[in-house]
Amino acid sequence: MSQHRSLRRGMLLTAKRNVLKRFERIALLKKRGRWKEGMRLFGLPKTRPL
């Protein structure tokens, strides 16, 4: 049995997200050298996902 065409479209769309989750922001800050051990998890600086 095949899958309906309207259901298939949802799997094909993968948009670039412009909002990162907290763990993704921390990983990006570590990669850029802006994260220091002991920093607070809340109130992180803004980051752009590139």
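Please refer to the structure placed before this passage.
If you're wondering where the values come from, they're calculated on a predicted model, not measured in any experiment.

Parameters and conventions
- Residues numbered from 1 in each chain as written.
- Predicted model: local features only at pLDDT ≥ 70, side-chain atom pairs only at ≥ 80, totals over all residues.
- Heavy atoms only, no water.
- Helix = DSSP H or I, 4+ residues; strand = E, 2+ residues; numbered from the N terminus.
- Buried < 20%, exposed > 50% of the residue type's maximum accessible area, 1.4 Å probe, protein only.
- Contact = heavy atoms within 4.5 Å.
- Areas by Shrake-Rupley, 256 points an atom, 1.4 Å probe, with all protein chains shown as cover.
- Salt bridge = Lys/Arg side-chain N within 4 Å of Asp/Glu carboxyl O.
- Arc of directions from axis to C-beta.

1. Some words on the overall build of the chain
Across its full length, the chain carries two helices and zero strands. In the chain, which comprises 50 residues, the proportion classed as buried is 14%. Counting contacts in the chain only where the partners sit at least 6 residues apart, residues at least 24 apart contribute 15% of the total. Put simply, the chain shows about 5200 Å² of open surface, and 56% of that area lies on carbon and sulfur atoms.

2. Topic: the pattern of salt bridges
The full count for this structure, using the stated rule, is one salt bridge. When the shortest N-O distance is used, the salt bridge between glutamate 24 and arginine 17 registers 2.7 Å. Residue class for arginine 17 comes out partly exposed when judged on its relative accessible area of 44%.

3. Considering the environment of leucine 29
Looking at the secondary structure, you find leucine 29 in helix α2 (residues 22-32). Residue leucine 29 is classed as buried on the basis of its relative accessible area, which comes to 0%. Taking the C-alpha atoms as reference points, leucine 29 and threonine 47, 18 residues apart in sequence, are found 7.7 Å from one another. Setting aside residues no more than four positions away along its own chain, leucine 29 makes contact with Arg34, Trp35, Leu44, Pro45 and Thr47.

4. Focus: α2
For α2, every residue scored as buried is listed here: Ile26, Leu28 and Leu29. Buried residues of α2, viewed axially, fall in a sector of 165°; they line one side. Exposed side chains of α2 directed beyond 90 degrees from the buried face belong to Phe23 and Lys31. Following α2 by one or two positions, glycine 33 has its phi on the positive side, about 80°.

5. Quick word on the environment of lysine 30
Looking at where lysine 30 falls in the secondary structure, it is placed in helix α2. Residue lysine 30 is classed as partly exposed on the basis of its relative accessible area, which comes to 49%.

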